[in-house]
Amino acid sequence: MSTSVRLDSEPRPSEQIQRKVIPWKVTADLKLHKAENPWESSVRTGVHSCAKPENDPEQVKTQVVFKLFRGILNRVTPEKLDILVNQVTELDIDTKERLSGVVELTFEKAISEPSFSRVYAKMCQSLKMLTVHTPDGLKVTFNKLLLLRCQKEFEKDKDDNEILKKKQEELEAASGDQEKKQLTEELEEIKYKAKRESVSNLKFLGELYKLKMLTDGIACDCITKLLKDNDEVSLECLCTLVSAIGKQLELGIRKTRLDECFDQMKQIVTVKSTSNRICFMLQDVLELRLNKWVPRHKDQGPKTIGEIRKEANLEGQRFNQQPHRRDNRWFNQQPDRRDNQRFNQQPDRRDNQRFNQQPDRRDNQRFNQQPDRRDNREFNQQSDGRDNRQLNQQSDRQRGQQFNQQPDRQVGRWYQHHSTFNSTKPSLTEEQLEKKSSAIIKEYLNINDMKEALQCVQELKSTQLLFLFVRKGLEYTLDRNATTRERMGLLLHQLIKSGILPPEQYCKGLQGIIEETEDLAIDIPKIWLYLSELLTPMLLEGGIPMGVLFREISKPLIPLGTAGVLLVHILNGLCKAMSREKAGIMWKEAGLRWKDFLPEDEDVHKFVTEKNVEFTLDKETKESQKKKLSSAEQKKELDTLIQDKADNHTIADWIENNLDEQQTSSNTFIRTLTTCICQSTIISDENYYIVDHDLMRQRATLLKKYLHDEEKQLQALSALQVLMVQMDHPSQLLRMFFDCLYDFDVITIRTYYKWELNKNPGEQQGKDVALQSVTNFFAWLHDLKAANR
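All values reported here derive from a predicted model rather than from experimental measurement. Here, residues in each chain are numbered from 1, in the same order as that chain's written sequence. In keeping with the predicted nature of the model, local features appear solely for residues at pLDDT of at least 70, side-chain atom pairs appear and are counted solely at 80 or more, and the whole-chain, interface and lining totals rest on all residues. Remark: hydrogens and water are excluded; side-chain values derive from all non-hydrogen atoms of the structure.

Some points on the pattern of salt bridges
Working step 1: Salt bridges, as used here, are contacts in which a Lys or Arg side-chain nitrogen is within 4 Å of a carboxyl oxygen on Asp or Glu. A full pass over the atoms with the stated rule returns 23 salt bridges.
Working step 2: Between aspartate 259 and arginine 289 there is a salt bridge, with its nearest N and O atoms 2.4 Å apart. A residue pair is termed long-range when its members are at least 10 positions apart, and aspartate 259 in helix 12 (residues 255–271) and arginine 289 in helix 13 (residues 276–290) qualify at 30 residues.
Working step 3: Type-normalised accessible area, obtained with a 1.4 Å probe on protein chains alone, sets the label of each residue: buried when under 20%, exposed when over 50%, and partly exposed for intermediate values. Judged by relative accessible area, which is 26%, aspartate 259 ranks as partly exposed.
Working step 4: Looking at arginine 289, the relative accessible area reads 18%, which means it is buried.
Working step 5: For arginine 750, the salt bridge identified is with glutamate 710, shortest N-O distance 2.9 Å. Secondary structure elements are taken from DSSP: a helix is a run of H or I of four residues or more, a strand is a run of E of two residues or more, and numbering for both begins at the N terminus.

And the structure:
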């Protein structure tokens, strides 16, 4: 074996290569070649660019703001929305250019991601009051710029048509097959992009309308325009918009215009004047309305992590409750051990015998899937009813100490009829149920999901302990805000209405709070008002009758002399949800009397008058207190109430308490009321007059209460005519009133035509000038009638 030895005289490899360094000096300035039309970032070439030099510090600062805002938009999720909105408000958005850029970026993001339209709409709602001032001193808001951008997108049909027309001409002029194919693809891509942006824009507009960032008038105008265009893209956009906002429009004041739009949609479907795909979409919208706007499929929008976890848990529970198949048979023939233990605890021996016998698979399936319903049904059918009788006898003995026997028997029968009492052992201890109740109540108040809360309470499966849930809910919300108390009261009402919460459990939980009111009043001076806000929803349809509820809550309060105070607060709260007359009818039908709730030495008539609950008295007593008021006196009183900004309920109460039925149905009263309300909605600026649209919307409800037929509506229009004569016919003012009264469904179309054709000699003063000022309004009515035909 030979080895090679490197001699020291041999050079190393690195030494064999000689490196040469060539000196080079630049004698002239070198410049890179710059193209005439170089590529630039879309940030510079887009809508946010300006003609300022690149080294302008304001421009650099503006670009930094846009960059930070894009980063925020890319991180938007339902959970992080509040945090990110706070970050937006901390940005230096202090110029119109920056605010316009932020609006443009938000709009483009919402259009490019239509599935997140709801989230971006909520973000816009939080930023709508973002305001900057121009150098001219003008005030510019985020909301105004956003609506202008949406309007621009909605009305860009002409631009799209010009682009399509130009591309179509290029296609027709093309000669080669390859060129025609390329132009055809470009044309289809342009059409698809325009359609996608239009549909996304309408979806975004629908979400903005749900958040009350758009008015009813704008929404209806969009629907009318889409119907008028009557092409496939417009009709598809129409279906998207109506599906999103139809329910809110129908519940609002634009139901008449919505009916007209649906009539046109039915006509399109009947005639089949468009493609089958669009006809089926229109038919889906029509069926959606017939189904009371309940969609067949749940909206799959963005969700929080908590919502995803809940759905996963519910899905897992449903999967576990379903029986599994094996060899085409129900393999779970034997009952579950826990079910067996629960059924063996039943007091009725026949239940155990039937259960221990091997039931057929139909019975087994029913037992495994719905054990609670079986428990309740068979217990109610087979039990000897001693517990119920003892409960009713005990309640009757307690009531007998305070009231006469006739109402007590009615209360007992109502409890016996509505009771869902279950004698099975609760699946939870009191401590466990209180913890779960706290979690359910807090979650419901945070997300306001009534359906989820009802399901969670039902899954507690501890009917005998639900009074703890009631007590926990009342304690948790008693000293919070009015909205929270109202929502808690509505939840308890729905639990009673759906049969999940037995009435005796509700009253048992309520008694624990009522008995402590004397001590609680020290820390909570307004405890009677707060309790009434929690109890009032229970008097709505499907809840506990007024007689039963008032007698139950008054038991511990009558010895203290505070029962009447609580009942007055409840009645006043009830009058906000219904008329005082209807509340008085409920009081009389329940057979209630004030002397049963007030101390013996209390003057009933004085108490009722001071507390303003005269509607609980007999009709003859109230009518005798009313006096005849002249037209001038009526106008003076109504003007005073309106100037004091009294709400509609207060004004209606004054009318009912001071004017009899003959006066309120007279033409004089109708004219006086119309004049007072319309005068209060006029905003004057030197010689220019406009109508306060929002205030007129509020007062429209009061007008509709008394303008219930066409004759009364005609008197209202005549009163407006006289008012215009007194004001020397201000320009366009009568037209504004006509628009408002039509939009808010106060005056019907037939009444407008009757007023136009009215030849009564006593109504002709100023009629010609009035007709001239509303010419465009009647032209619009004729066009609308022709479109419906």
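Section: a nonpolar patch on the surface
Working step 1: Patches draw on residues past 30% relative accessible area with no salt bridge. Two like charges within 9 Å are joined, as are two nonpolar side chains (Val, Leu, Ile, Met, Phe, Trp, Tyr) within 5 Å. For the accessible areas, the method is Shrake-Rupley and the probe is 1.4 Å, while residue cover comes only from the protein chains on display. Nonpolar side chains collect at one region of the surface, where Val60, Val64 and Leu68 lie side by side and expose about 240 Å² of accessible area between them.
Working step 2: Mapped onto the elements of the fold, valine 64 is located in helix 3 (residues 57–74).

Section: the environment of leucine 474
Working step 1: By secondary structure assignment, the location of leucine 474 is in helix 23 (residues 466–477).
Working step 2: By relative accessible area, leucine 474 is classed as buried at 1%.
Working step 3: In contact with leucine 474, not counting residues within four places along its chain, are Leu492, Gly509, Leu510, Ile513 and Leu534. Residue contacts follow a heavy-atom distance rule, with two residues in contact if any of their heavy atoms lie within 4.5 Å.

Looking at the packing of aromatic side chains
Working step 1: Centres within 6.5 Å are what make two rings of Phe, Tyr or Trp a pair, Trp counting through its six-membered ring; a difference in plane orientation under 30 degrees is then read as stacked, over 60 as edge-to-face, and the rest as tilted. One pass over the full model with this rule turns up 17 aromatic pairs.
Working step 2: On the basis of an interplanar angle of 40° and a centroid distance of 6.3 Å, the ring pair of phenylalanine 777 and tryptophan 780 is categorised as tilted. On the criterion of helical spacing, the pair formed by phenylalanine 777 and tryptophan 780 is a turn pair, its members being three residues apart in helix 42 (residues 775–788).
Working step 3: Residue classification places tryptophan 780 among the partly exposed residues on the basis of a relative accessible area of 30%.
Working step 4: Three or more aromatic residues joined by ring pairs form one cluster here, namely Phe738, Tyr742, Tyr752, Tyr753, Trp755, Phe777, Phe778 and Trp780.
Working step 5: By the criterion adopted, a ring carries a charge over it if an Arg CZ or a Lys NZ lies within 6 Å of its centre and within 35 degrees of its normal. The ring of tyrosine 444 carries arginine 487 above its face, with NZ or CZ at 5.9 Å from the centroid.

As for the confidence of the model for the chain
Working step 1: Within a predicted model, pLDDT stands for the predictor's per-residue confidence, ranging from 0 to 100. A residue-level look at the chain finds 77% of positions with pLDDT of 70 or above and a mean pLDDT of 77.
Working step 2: The spread of mean pLDDT over the elements of the chain runs between strand 4 (residues 329–330), the lowest at 36, and helix 36 (residues 667–680), the highest at 92.
Working step 3: For residues 419–423, every residue scores under 50 in pLDDT, and the model assigns this stretch 16 contacts once sequence neighbours within four places are set aside.
Working step 4: pLDDT under 50 marks residues 620–625. Its contacts with residues more than four places away, or in other chains, come to five contacts.

Things to note about the environment of histidine 493
Working step 1: On the secondary structure map, histidine 493 appears in helix 24 (residues 482–497).
Working step 2: Each C-alpha atom of the pair histidine 493 and glycine 542 lies 7.7 Å from the other, and the pair is 49 residues apart in sequence.
Working step 3: Not counting residues up to four positions away in its chain, the partners in contact with histidine 493 are Pro537, Met538, Leu540, Glu541, Gly542 and Gly543.

Thoughts on the packing of helix 5 (residues 96–112) against helix 7 (residues 142–154)
Working step 1: Orientation of helix 5 relative to helix 7, taken along the N-to-C sense of each, is 50°, at an axis distance of 10 Å. Judged by the angle between their axes, helix 5 and helix 7 are oblique. Regarding helix 5 and helix 7, the two cross each other, and that crossing is right-handed. Side by side, helix 5 and helix 7 meet where Leu99, Ser100, Val102, Val103, Glu104, Thr106 and Phe107 of the first sit next to Phe142, Leu145, Leu146, Arg149, Cys150 and Glu153 of the second.
Working step 2: Of the residues assigned to the contact of helix 5 with helix 7, the class counts are eight nonpolar, two polar and three charged. For every element, the axis is a line fit to its C-alpha atoms; helices are fit only across the contacting stretch, and the angle between N-to-C directions ranges from 0 to 180 degrees. Here is the rule for angles: anything less than 35 degrees is roughly parallel, anything more than 145 is roughly antiparallel, 65 through 115 is roughly perpendicular, and the remaining ranges are oblique. Should the near helix be turned counterclockwise from the far one by less than a right angle, the crossing is left-handed, whereas a clockwise turn marks it as right-handed. Residue polarity follows a fixed list, in which Ala, Val, Leu, Ile, Met, Phe, Trp, Tyr, Cys and Pro are nonpolar, Asp, Glu, Lys and Arg are charged, and the others, Gly among them, are polar.

Comments concerning the state of the cysteines
Working step 1: Only a pair of cysteine sulfur atoms within 2.5 Å qualifies as a disulfide here. Evaluated as defined, the whole model comprises zero disulfides.
Working step 2: Cysteine cysteine 239 shares no disulfide, and the gap to the nearest cysteine sulfur, in cysteine 237, comes to 9.3 Å.
Working step 3: On the basis of relative accessible area, cysteine 239 is assigned to the buried category, the value being 4%.

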